[in-house]
Amino acid sequence: MNTEQIEEVLRRAPAPQPPEGLREQLLASAPRRGGRESAATLETGLGAWLRRWWPVLLPGAACAAMTLVLVTQQLEISDLRASVQGLTPKPDPTQALPAAVSTGSEAAQNSAQAAETAEIARLKEQVGKLKEQLSGLLVLQAENKRLLAETRRNAANSLSSEETAALADAKARAELIRCINNLKQLGLAARIWASDHNKLTPPAVTDMAQEMSTPLVLHCPADTTHPEAKTWDSFTADNCSYEYLAPGAGFNEPDRIEFRCPIHGSMTLCDGSVQSGFAKLHPDWIIEKDGKLYYNKTALPAK
Amino acid sequence: MMEMDMDAENLARAACRGDRQAVAELINLFYPRVYAFLRRMAGHEADAADLTQKTFSRVWQALPSFAERSSISSWIHGIAYHVYLDWRRANSRYELRTEVWWEEQAAATDGPDAQATQNELAAALYASVDALDTDLRDTVHLHYYQGLTLQETADAMKVSTSTVKNRLRQALEGLQKRLAEDGQPAGTTHATRTL
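Read on for a plain summary of the structure. (Residues numbered from 1 in each chain as written. Chains lettered and ligands numbered in written order. Predicted model: local features only at pLDDT ≥ 70, side-chain atom pairs only at ≥ 80, totals over all residues. Heavy atoms only, no water.)

Moving on, we come to the sheet that holds strand 3 (residues 267-269) of chain A. All names here are of chain A. Strands sit in the order 1-2-3-4 across an open sheet of four strands; the sheet is antiparallel. The open sheet is flanked by strand 1 (243-244) and strand 4 (274-275), the only strands paired with a single partner. Pairing geometry for strand 2 (residues 257-260) and strand 3, over three bridges, is antiparallel. When the sheet's bridge partners are listed, phenylalanine 259 is paired in strand 3 with threonine 268. In the packing of helix 7 (residues 161-196) onto the sheet, the strands contacted are strand 2, strand 3 and strand 4, and the crossing angle to strand 2 comes to about 140°. (Pairing = 2+ DSSP bridges. Helix = DSSP H or I, 4+ residues; strand = E, 2+ residues; numbered from the N terminus. Contact = heavy atoms within 4.5 Å. Axes fitted to C-alpha atoms, helices over the stretch in contact; angles between N-to-C directions.)

Right, dumping it as C-alpha cells:
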C-alpha cells in the first residue's frame, strides 16, 4: 500500500457506537435548570468567580482587615495622647509672679544669662568640630571610591596574554558550535518543508518560517555585519547570515550544498548533515556543476 | 465543517449563558465522536463510557473559560485526550487493542463479500497503528480517525503543527514499512494475511 492508500483507509476507520443509555447519563449529569439558575450551575456566576479568585481574595481581605485594625489603633493612640497632654499641669502665672518678685535680685538674673551664654558657646564649638569631621569623612569617601576603581582596573589588566587568548579562543569555539547548530536546524527545517512539498526544498528561506522556532537560527553568532531579527515580523533578507544555495533541490542530491556560513565556512548538505569549516580549510573539496555547488567526496583523503 | 464549528460555538455560548437546550445539543453533537475516540484509545466499553462522562463533566466546568482561541471541536477533543492521559497514568495500564477487535469493527461496516480481504487488510492496518509509539498513535487517532485538521490536532495535543506533521509522516512511514515487512507488497490493495 502506498501512503495515500494508507491515509484513505485510516480516514475510513470504523467508529464504535456508544452504548445505550450513555446519552441519557450525560444529559442527567449536565447542568440542570435553565436561565440564570443554570448559569450558576455552569459556574459562570458569583460562585465560580469566587472559586477562581479566592486564593487572591483571601490574603487581600486579611490585609484589608489588618490595615483597618492598625488605623483604628493609631486613632485611639492619638486620642489618648491628646487626653494625656490635656491632663499635664500648666505653670500657674499667679504663683510664679510673686516668686520672681520675692527673689527679684539682679545677681540671679545675671548668673542665668551667663550660664546660657556659656552653653551657647559650648554648642557652637561642638558644631564646628562636627563640621570638620564631616568634611574629613567626605574626603575619605572620595578616596575610597578612587581606590576601588583602581583595584578593579588592575584586576581587569591582570590577565596574562595567554589567558586573554584562551578566553578569545573559547568564545570563538562557542560561536562556531552555535553556528553549526543553526545550520543543522536549517537543514532539518528544509527537510520537513520538503516532505510536505513533493520532496523539494523551499524557494527561499522565509518560506519555511513555520518550520523554524525563531529567526535567530538564520543569524551566525560571529556575524557582526548583519543585525539580528528576533521576530518574523521584523525579519528581512539583511538579517540572514547564511547563503541559501539549493532552492528547489530534491532528496536525490544528498551531496549538494544547501546552506553555507561565509564566516566559518561550515555547510549544510541536502542530506541534512553539517560539515564544519571545510569551505575555508578545503575549498578544493567543493565542485561546481551547472551552477550548483557539491561536496566532492572523491577529493577526500583515503582512510 | 466550518459551519458546524460556528453552530457548535454558538451552542457553547448559549450553554454558557445557561441555555439547557444548547447543553443537550452540544452533547448530541459531540458525545458519539468523543466516545468513539475514547473507546479506541482505552480499549474497553465501560472505561470509555466512564471517561466520556468525565470529559463532559470537565467540559461543563471549563466552558466559561473557553476563550475561542481554538475551535470547540479541538477544545473538547483536547479535554478528552487529557482525560484519557490522566486515566492511563492513574491506572498504569494500557491494554493494547487486539486485532480481533479491529476485525470485528471492520467487518461491522456494510459491504459485500468482495470487500472481506480489504476489511482484513484494514483491520491489520488499524492494529499496526495501535502498535506505534504512543505519541505517533495518538496523533493518528486524532487526525485520521477523529477527522481533526492539522491545526486542531496540534491544539488538542498542545504541540506545534510542524510536530504534528512530523509525527504523521513518521507514522505513515512506519505503517508502510510494517506492511511491507509482513508480506504486503507496496502498491497492492489486497491482503493475503493479517499482521
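So that's the structure; there's more coming.
The next point concerns a nonpolar patch on the surface. Together, Trp49(A), Leu50(A), Trp53(A), Val56(A) and Leu57(A) make up a nonpolar patch on the protein surface, roughly 480 Å² of accessible area in all. Relative to the assigned elements, Trp49(A) resides in helix 4 (residues 46-87). (Patch = residues over 30% accessible without salt bridge, like charges linked within 9 Å, V, L, I, M, F, W, Y side chains within 5 Å. Areas by Shrake-Rupley, 256 points an atom, 1.4 Å probe, with all protein chains shown as cover. Salt bridge = Lys/Arg side-chain N within 4 Å of Asp/Glu carboxyl O.)

Moving on to helix 1 (residues 3-11) of chain A. Residue and element names in this part refer to chain A. Of the residues making up helix 1, those classed as buried are Ile6, Glu7, Val9 and Leu10. The buried residues of helix 1 occupy an angular sector of 165° when projected down its axis, which confines them to one face. Those residues of helix 1 that are exposed and aimed more than 90 degrees away from the buried face are Glu4 and Arg11. Capping of helix 1 at its N-terminal end is provided by asparagine 2; its side-chain oxygen lies 3.3 Å from the backbone amide nitrogen of glutamate 4. (Buried < 20%, exposed > 50% of the residue type's maximum accessible area, 1.4 Å probe, protein only. Arc of directions from axis to C-beta. Polar contact = N/O pair within 3.5 Å; in protein donor to acceptor, adjacent residues only side chain to side chain.)

Residue and element names in this part refer to chain A. For lysine 199, which is not a glycine, the phi torsion comes out positive at approximately 60°. As for its position among the elements, lysine 199 is in the loop between helix 7 and strand 1. The exposed category is assigned to lysine 199, whose relative accessible area is 52%. Even without a glycine there, the phi angle at aspartate 290 is positive, about 50°. Examined against the element boundaries, aspartate 290 turns out to sit in the loop between strand 5 (286-289) and strand 6 (292-295). Taking the relative accessible area as the measure of exposure, aspartate 290 reaches 77% and is therefore exposed.

Read these as layout, nothing more, since geometry by itself doesn't imply function.
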